[in-house]
Amino acid sequence: MLNSIEEGVILFSSAPSKTRSNDTEYPYRQNSDFYYLCGFEEANSVLILVKTGESTRTLLYVEPHSEEFALWNGARLGVEGAMKRFSVDEVHSMLEYPNHIKEILREHIALYIDFQDDSSILKLAQQSAKDLRETRGVKRTLRCLHDVTYLIRSQRLIKSPEEIEAIRHAISLTASAHHEAMKQCKSGLREFELQASMSYIFLSNGAMSEAYGAIVAGGNNANTLHYVDNHDVLKEGDLVLIDAACEWELYASDITRTFPVNGKFSDAQRKVYEKVLDVQLRVIEAMKPGVKRDWLQRYSEELLCQALIDLGILSGDREALMEAKAHKKYAPHGIGHWMGLDVHDPCPYVDDAGESLVFQAGMVMTIEPGIYIRADDASVPEKYRGIGIRIEDDILITEEGCENLSSMIVKTVEDIEAMCANQL
Ligand code: GLY
Ligand code: MN
Ligand code: MN
């Protein structure tokens, strides 16, 4: 990280704890950039990276050990524990941070921070910088404030072997959970019952969190893209779309499968399903180093538009339909997104010149085409109304092309029907 700057101070604070109600809190989740930089998972901590000429210093500030805190919440690592566990030059107590930050800023003209950070930790650094400016005898004062997130997130684009391992592990648990949901599914169940059987697999295997709120959407509910209610009854003859996945060591997986509630696709469902699957396979086949992400988006839209024409849902010249964005009514979202420490990894999609990024080995992107036909859409043949289908896998760009990291999760019509019948 320090290689990316000429000189200055990078200051990154941990994620704040969040109140759920009264005196209860949401489970703590570390800030992804902070975790990427140092791997420390406790709240109320700060990482400071300093570069002066060619020399560098890395300092981690942590909450000190406290008997009282340990009694109620469990022991913190404390200064000594963190020093043993993390490869930073120095670990200090948070109690020392206010004095130390003033001393550190006294020597530098550039500060790199997360512009979205509004923590009291950062405010204290900013106040120190102001105080120094008004202190007689201080010659060098801060004059450059940079957003450090672009630097971090550009690095986060290319996953290391260890990061890919964590993603693979998350996917392997997610695979078991999707297969279990297919086996358990029958009409009359509530959507949340499938969610519960998946959560059981995540938790009982040590994955303490979903990577995002699960979508278990029976029938027409699948046409609400961010449906998270998950309370409806699953009905005979409907499909169910499940977009659910766990995270492992803070690394996400992101998987969608759509299958028949009763285990057998109807003719109309199968027709739409096989079109979506065909689009997904073709898009994945096109992924390799050197391909532009923008091109892949355009290509996927052409394929989806053609699929809608083939199904008789759109009619007319494909280019004219594309121009009018007619396909967006039935395929409104993008083909995929970066995935890593965040399910929607906030890594750049364009370079400094605003040009679409080109795929490189080590990038991970979801590929998730979908066709959504609302039950009340009278402009579509009746047999298709109420069908919503998305198929989503997690793809690693490799030197040779790409690898579908979630290829073990069944998705052909035949395999899904066999899994639903518990025959795989
Ligand atoms: N699960 C969120 C997404 O597919 O983007
Ligand atoms: Mn996704
Ligand atoms: Mn998803």
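Chains are numbered independently. Their residues run from 1 in the order of the written sequence. Working convention: letters from A go to chains and numbers from 1 go to ligands, in the order in which they are written. Per-residue local features are limited, in this predicted model, to residues with pLDDT of at least 70; the limit for side-chain atom pairs, both in listing and counting, is 80 or more; totals at the level of whole chains, interfaces and linings are taken over all residues. Hydrogens and water molecules were not included; the side-chain quantities draw on all heavy atoms of the structure.

Section: the sheet that holds strand 19 (residues 402–404)
Reasoning step 1: As summarised here, the arrangement of the 3 strands in space is 15-18-19, forming an open sheet in which the pairing is antiparallel. The strands lining the two open edges of the sheet, one partner per strand, are strand 15 (364–367) and strand 19. Neighbour to neighbour, the strand axes of the sheet diverge by 30° on average, direction disregarded.
Reasoning step 2: Alignment of strand 15 against strand 18 (residues 393–397), held across 4 bridges, turns out to be antiparallel. One bridge is not enough; two strands pair if DSSP finds at least two bridges between them. Secondary structure elements follow DSSP: runs of H or I no shorter than four residues count as helices, runs of E no shorter than two count as strands, and numbering proceeds from the N terminus. Lines fitted to the C-alpha atoms define the axes, with helices restricted to the stretch that makes contact. Angles between their N-to-C directions range from 0 to 180 degrees.

As for the state of the cysteines
Reasoning step 1: By definition, disulfides here are pairs of cysteine sulfur atoms that lie within 2.5 Å. For the structure on display, the rule yields 0 disulfides.
Reasoning step 2: Unpaired in terms of disulfides, Cys 402 finds its nearest cysteine sulfur in Cys 347, a separation of 18 Å.

Comments concerning the coordination of the manganese ion (ligand 3)
Under ideal tetrahedral coordination, the four donors around a metal are separated by 109.5 degrees; under ideal octahedral coordination, the six donors are separated by 90 or 180 degrees.
Reasoning step 1: The rule for donors is simple: an N, O or S atom within 2.8 Å of the metal counts, and for Na, K and Ca the reach is 3.2 Å. Water is not among the atoms, so a site may look short of donors. Coordination sphere of the manganese ion (ligand 3), protein contribution only: Asp 243 (OD), Asp 243 (OD), Asp 254 (OD) and Glu 392 (OE), at 2.1 to 2.3 Å.
Reasoning step 2: Tetrahedral means four donors with every angle between 85 and 135 degrees, whereas square planar (four donors) and octahedral (six donors) require angles over 155 degrees between opposite donors and between 65 and 115 for all others; sites fitting neither are termed irregular. For the manganese ion (ligand 3), the 6 donor atoms in the first shell make angles of 56 to 169° at the metal, a pattern classed as irregular.
Reasoning step 3: Summarised as a motif, the one-chain spacing of the donors to the manganese ion (ligand 3) is D-x10-D-x137-E.
Reasoning step 4: Here the manganese ion (ligand 3) and the manganese ion (ligand 2) are spaced 3.3 Å apart, and both take Asp 254 as a donor. Taken together, the residues Asp 254 in the loop between strand 13 (251–252) and strand 14 (256–260) and Glu 392 in the loop between strand 17 (388–390) and strand 18 connect sequence positions 138 residues apart.

Let's talk about the coordination of the manganese ion (ligand 2)
Reasoning step 1: Bound to the manganese ion (ligand 2) are the protein donor atoms Asp 254 (OD), His 337 (NE2), Glu 368 (OE) and Glu 392 (OE), situated 2.0 to 2.2 Å from the metal.
Reasoning step 2: Angles of 51 to 153° at the metal separate the 6 donor atoms of the manganese ion (ligand 2), which places the site in the irregular class.
Reasoning step 3: Every donor residue of the manganese ion (ligand 2) comes from the same chain, spaced as D-x82-H-x30-E-x23-E.

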